[in-house]
Amino acid sequence: MLIPDNVLKRLLQNVYFIWGDGVAAADELGRRYGFYIYHTCEHRHKHSQNAAPQFQPGLCRDVSDFFALDPENAMKFESEVVHDYTPMVIMDLIQLTAKHKGVICENDIDIDSIFQAVTHAVVISNDKPLNDFIKRYENEIRCRDISEDEKESLIRKVHAVWGKGKPDNPRRTNPYGVKQIVWDDNSTVEQTADIIAEYFGLYR
């Protein structure tokens, strides 16, 4: 079943997408305006339970230890999973808009496949979550039963592969004119929520 873009856009007109590291800001906006908060990461397991290999091969792939994957394979796997669950997320959001005056969809979603149907979206850039992720990957590699040279080679690969992802959200959304918000140690949740609310045209 295919839903025309103009119909889908109307169905999602009260959905506010926050891409990047937007958990705290999304929760603050939900508290302020009484919006439902949909964190995509919290629904991955549910979507994987409803997936079929012929339609969602990424979601059906059996990966017992993500951090044991080669960095390039891990990035490819993550991209496939997000691509596969995005239509399921959209169906969830359509149902939620019938029950709530507004819905905030926060975290990963396949931007390229849905942007033509999006009315409200921002991307929050923050190096800290990625740096923490890379550090966790490094620690896992250092515990592996391989030579020190192999460990250092893999760690360099981690930085090369995942480091490319640092500017990824802004690069992917800039062509669409999506507002980019930089989150750093000097930013407060309230300030960031204020910026997003103003951009979305929300008023207290």
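Let me sum up the structure you'll find in this document. All chains use their own residue numbering, which begins from 1 and follows the written sequence. Side-chain atom pairs in this predicted model are given and counted only at pLDDT of 80 or more, local residue features only at pLDDT of at least 70, and totals for whole chains, interfaces and linings cover all residues. Only hydrogens and water are set aside; all other atoms, that is, all heavy atoms of the structure, feed into the side-chain values.

Remarks on the sheet that holds strand S4 (residues 120-125)
Any two strands between which DSSP finds at least two bridges are classified as paired. To qualify as a helix, a DSSP run of H or I must reach at least 4 residues; to qualify as a strand, a run of E must reach at least 2; elements of each kind are numbered from the N terminus. An order of S2-S3-S1-S4-S5 is seen for the five strands of this open sheet, with the pairing classed as parallel. The two strands at the open ends of the sheet, each matched to only one other strand, are strand S2 (36-39) and strand S5 (179-182). Ignoring which end each strand starts from, the neighbouring axes of this sheet average 20° apart. To obtain each axis, a line is fitted to C-alpha atoms, and for helices this fit is confined to the stretch in contact; angles are then taken between N-to-C directions over 0 to 180 degrees.

Observations regarding the nonpolar core
What is meant by a nonpolar core is a set of buried Ala, Val, Leu, Ile, Met, Phe, Trp, Tyr and Cys residues, joined one to another through side-chain atoms within 4.5 Å. Accessibility here uses a 1.4 Å probe with only protein chains present; expressed as a share of the type maximum, an area under 20% marks a residue as buried, one over 50% as exposed, and anything in between as partly exposed. Among the nonpolar cores identified, the biggest contains 39 residues, and Phe17, Trp19 and Leu93 are the most heavily contacted of them. No other element matches the eleven residues that helix H5 (residues 71-97) contributes to this core. If we skip the residues at most four places from it in the chain, Phe17 touches Leu93, Cys105, Ile109, Ile114, Val118, His120, Ala121, Val122 and Phe200. Listed in part, the 17 residues of the second largest apolar core include Tyr33, Ile124, Ile196 and Phe200. When checking whether two residues touch, look at their non-hydrogen atoms; a contact exists if any pair is within 4.5 Å.

Brief notes about H5
Under the convention used throughout, the expected extent of a helix is 1.5 Å for every residue step, that is, one less than its residue count. Over its 27 residues, H5 runs 37 Å from end to end, which matches the ideal 39 Å to within 8%, given 1.5 Å per residue. Taking the largest bend as the criterion, H5 deviates by roughly 35°, centred on Thr86, and proline Pro87 comes between one and four positions later. Capping the start of H5, Asp70 holds a side-chain oxygen 3.1 Å from the backbone nitrogen of Glu72, two or three residues further along. Bend is the name given here to the angle between axes fitted to two runs of seven residues, the run ending at a residue and the run starting at it. N or O atoms within 3.5 Å of each other form a polar contact, as long as, within protein, one can give a hydrogen and the other can take it, and as long as residues adjacent in sequence are counted only when both atoms are side-chain atoms.

Let's talk about helix H2 (residues 23-33)
Listed in full, the buried residues belonging to H2 are Ala25, Ala26, Glu28, Leu29, Gly30, Arg32 and Tyr33. Turning to H2, the residues buried within the fold contact strand S1 (15-20), S2, strand S3 (103-106), S4 and helix H10 (189-200). Two residues or fewer after H2 comes Gly34, characterised by a positive phi angle close to 70°.

Some thoughts on the environment of Val82
When you line up the elements, Val82 lands in helix H5. Val82 gets classed as buried once you look at its relative accessible area, which sits at 9%. Note: C-alpha distance between Val82 and Asp108 (26 residues apart in sequence) is 6.7 Å. Setting aside residues up to four positions removed in sequence, Val82 forms contacts with Arg44, Asp108, Ile109 and Asp110.

Describing the packing of aromatic side chains
The way to describe two aromatic rings as a pair is by their centre distance and the angle between their planes. Aromatic contacts are taken between Phe, Tyr and Trp rings whose centres are within 6.5 Å, Trp giving its six-membered ring; a plane angle under 30 degrees counts as stacked, one over 60 as edge-to-face, and the others as tilted. Enumeration over the complete set of coordinates arrives at seven aromatic pairs. Each ring, one from Trp19 and one from Phe115, has its centre 6.2 Å from the other, and the planes form 40°; the classification is tilted. Pair noted here: Trp19 is in strand S1 and Phe115 is in the loop between helix H6 (111-114) and S4, with a separation of 96 residues, a long-range link. Both residues of the pair, Trp19 and Phe115, count as buried. Look at Tyr33 and Phe35: their rings are 5.8 Å apart centre to centre, the planes differ by 35°, and that puts the pair in the tilted class. Its relative accessible area of 10% is what places Tyr33 among the buried residues. Ring pairing ties together the aromatic residues Tyr16, Tyr33, Phe35, Tyr199 and Phe200, which thus form one cluster.

So, unusual backbone geometry
Unusually for a residue other than glycine, Asn107 sits at a positive phi of about 100°. Structurally, the position occupied by Asn107 is in the loop between S3 and H6.

A few points about the packing of H2 against H10
Two elements in contact, H2 and H10, have axes separated by 9 Å at closest approach and are oriented at 70°. By the criterion of interaxial angle, the relationship of H2 to H10 is roughly perpendicular. Crossing of H2 against H10: the hand is right-handed. Between H2, through Ala24, Ala25, Glu28, Leu29, Arg32 and Tyr33, and H10, the contact on the second element is made entirely by Val189, Glu190, Thr192, Ala193, Asp194, Ile196 and Ala197. In terms of residue class, the contact of H2 with H10 is built from eight nonpolar, one polar and four charged. Here is the rule for angles: anything less than 35 degrees is roughly parallel, anything more than 145 is roughly antiparallel, 65 through 115 is roughly perpendicular, and the remaining ranges are oblique. Here is the rule for handedness: rotate from the far helix to the near one, and if that takes an anticlockwise turn smaller than a right angle the crossing is left-handed, while a clockwise turn gives right-handed. In the scheme used here, Gly and all other residues not listed as nonpolar or charged are polar, with Ala, Val, Leu, Ile, Met, Phe, Trp, Tyr, Cys and Pro taken as nonpolar and Asp, Glu, Lys and Arg as charged.

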